[in-house]
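The residues making up each chain are set out below.
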Amino acid sequence: MYVKKIVITGGTGFIGQELQSRFLRNGYKLIIVSRKAGDVQWSDTQGLIDSFNGADFVLNLAGKSVDCRFTEKNKAALLSTRIETTRRIGEIIELCSTPPLLWINASGASIYSETSIGANTEAAPVSGRSFMAEVARQWEAAMYSFKLPKTRQVALRISLVLGKSGGVLPIFRKLAKFLLAGSTGSGKQKVSWVNIEDFYRILIHIMNTATIEGPVNCAAPNVVNNKEFMRAIRNSVGMPFGFPAPAFAIQLASPLIDVEPSLLLNSMWVEPAILLKTGFKFSYPEINSALGNLR
């Protein structure tokens, strides 16, 4: 029986850990690439070639976490860790005798305009002006600088990933229990999100759909505004009220909570047009069901 081989680079974070357990549980052969932990290290060129050869797909999640203040030092690391690892993957694939069939490289839904008045499909201009929008543009450019005729290339423009083991959800739920999960800023900014189970299923769908390549929006189809999102967070922990946080308070508190204000105040409004067009069915298309699954 043929067992599909998956390689995850940068698979030691929250999303990577969640995906690892799902791939293993469903019988895939899994190889993790990391700087320290993992099956193969970035410095091991031959080990990387052996791992990539014959892989059904390589998933690149490597890069410094965005859960930080955007100091000049952190901005340099946020960009360099994404660009360098992406280039390394492209170089290794070029050395493979049997290159991977698919390369999915993480990108950010922040690549679109943060002030858009409508949903951004994959065909929308990548006109975001934030620092993370520029990171996403350079990240994708690094991948597409490699012309790989035997490997499909997909830039996965990831929205807010909801999982109970990490990311923003446990933080928001803790704030809710202390009555601190009211709307942030105007509360009108859009929040695109995806349940971690659907994230995993999206990867499988892309792997099994040979026509998918290029940018793909990774987000549930039913966007909410920040006020609705925070209300759903509170409901998921049985807390009916939360004090709102105006924009100036977020700006003042950002050094204390170590989060860049733009991550809370900018809109992210994306539509998963490619996924829907190719027949993907979300298990958790609504925010309340998505959070209910993560209790």
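We now turn to the structure provided with this report. Each chain has its residues counted from 1, running along the sequence as written. With pLDDT at 70 or above as the cut-off, local features in this predicted model cover only qualifying residues; side-chain atom pairs require 80 or more to be listed or tallied, and sums for whole chains, interfaces and linings still use all residues. Working from all heavy atoms in the structure, the side-chain values ignore hydrogens and water.

## With respect to helix α6 (residues 196–208)
Between its terminal C-alpha atoms α6 stretches 19 Å, which fits the 18 Å expected from 13 residues at 1.5 Å a residue. For α6, a buried count of 10 out of 13 residues is recorded, marking the element as mostly surrounded by other parts of the structure. For α6, the complete set of buried residues consists of I196, D198, F199, Y200, I202, L203, I204, H205, I206 and M207. Between the side-chain oxygen of the N-cap and the backbone nitrogen of E197 there are 2.7 Å, and the N-cap of α6 in question is N195. Put simply, DSSP marks the helices as runs of H or I at least four residues long and the strands as runs of E at least two long, and each gets a number from the N terminus on. Helix span, expected: 1.5 Å multiplied by one less than the number of residues in the helix. Partly exposed residues are those whose accessible area sits between 20% and 50% of the maximum for their type, while under 20% is buried and over 50% is exposed, using a 1.4 Å probe and protein chains only. Side-chain atoms alone can form a polar contact between residues adjacent in sequence; in general such a contact is a pair of N or O atoms within 3.5 Å, and within protein one must be able to donate a hydrogen while the other accepts it.

## Focus on the packing of aromatic side chains
Working definition: rings of Phe, Tyr and Trp (its six-membered ring) pair if their centres are within 6.5 Å, and the pair is stacked with planes under 30 degrees apart, edge-to-face with planes over 60 apart, and tilted otherwise. Inspection of the entire model under this criterion finds eight aromatic pairs. Their ring planes at 90° and their centres at 5.4 Å tell us that F23 and Y28 sit as a pair that is edge-to-face. Aromatic pair F23 and Y200: ring centres 5.1 Å apart, planes at 70°, arrangement edge-to-face. A residue pair is termed long-range when its members are at least 10 positions apart, and F23 in helix α1 (residues 14–25) and Y200 in helix α6 qualify at 177 residues. Classification of F23 by relative accessible area gives buried; the value is 0%. Aromatic ring contacts, followed pair by pair, group F23, Y28, F57 and Y200 into a single cluster.

## Points about the side chain of T85
When you line up the elements, T85 lands in helix α3 (residues 72–95). Beyond its immediate stretch of four places on either side in the chain, T85 contacts R35, W42, N60 and A62. Throughout, a residue-residue contact means that at least one pair of heavy atoms, one from each residue, lies within 4.5 Å.

## Some remarks on the sheet that holds strand β10 (residues 214–218)
Two strands are counted as paired when DSSP detects at least two bridges linking them. Pairing is parallel in the open sheet, where seven strands are placed in the order β3-β2-β1-β4-β5-β6-β10. In this open sheet, the two edge strands, each paired with only one partner strand, are β3 (40–41) and β10. In the sheet, strand β1 (residues 5–9) pairs with strand β4 (residues 57–60) via four bridges, with the strands oriented parallel. The partner of V7 across the bridge, within β4, is V58. Sitting on the sheet, α1 is in contact with β1, β2 (29–34) and β4, with an inclination near 155° to β2. Between N-to-C directions, angles cover 0 to 180 degrees, with each direction set by a line fitted to C-alpha atoms, over the stretch in contact for helices.

## A short note on the environment of G185
Inspection of the secondary structure assignment puts G185 in the loop between α5 (169–177) and β8 (190–191). Measuring from C-alpha to C-alpha, the distance between G185 and A247 comes to 4.2 Å, with 62 residues separating the pair along the chain. Setting aside chain neighbours within four positions, we find G185 in contact with A245, P246, A247 and L265.

## Considering helix α4 (residues 131–144)
Given 3.6 residues per helical turn, the α-helix brings residues three or four places apart onto the same face. The terminal C-alpha atoms of α4 lie 20 Å apart, and with 14 residues this matches the ideal 20 Å at 1.5 Å per residue to within 8%. Every buried residue of α4 is listed here: M132, A133, V135, A136, W139, E140, A142 and M143. Elements that come into contact with the buried residues of α4 comprise β4, α3, β5 (102–108) and β6 (152–158).

## A look at the packing of α3 against α4
Here α3 crosses α4 at 15°, and the two axes come no closer than 9 Å. Here α4 runs roughly parallel to α3, going by the angle between their axes. The element α3 and its partner α4 pack so that their crossing is right-handed. Residues K75, L78, L79, R82, I83, T86 and R87 of α3 lie in contact with α4, whose contacting residues are F131, M132, V135, Q138, W139, A142 and M143. When the residues that make up the contact of α3 with α4 are grouped by side-chain class, the tally is nine nonpolar, two polar and three charged. These descriptions rest on fixed angle ranges, namely under 35 degrees for roughly parallel, over 145 for roughly antiparallel, 65 to 115 for roughly perpendicular, and the rest for oblique. Working rule for handedness: look at the near helix, and if it is turned counterclockwise from the far one by less than a right angle, call the crossing left-handed; if clockwise, right-handed. Residues are sorted three ways: Asp, Glu, Lys and Arg are charged, Ala, Val, Leu, Ile, Met, Phe, Trp, Tyr, Cys and Pro are nonpolar, and all the rest, Gly among them, are polar.

## Some thoughts on the pattern of salt bridges
Whenever a carboxyl oxygen of Asp or Glu lies within 4 Å of a side-chain nitrogen of Lys or Arg, that contact is scored as a salt bridge. Under the counting rule described, the total for this entry stands at eight salt bridges. Two residues, E18 and R22, come together in a salt bridge whose shortest N-O distance is 2.7 Å. Linking E18 with R22, this pair stays in helix α1, spanning four residues, or about one helical turn. The pair formed by E18 and R22 is uniform in burial state, with each residue classed as buried. In this structure, E134 and R137 form a salt bridge, with 3.1 Å as the shortest nitrogen-oxygen distance. Pair noted here: E134 and R137 are both in helix α4, with a separation of three residues, about one helical turn. Relative accessible area serves as the criterion here: at 24%, R137 is assigned to the partly exposed category.

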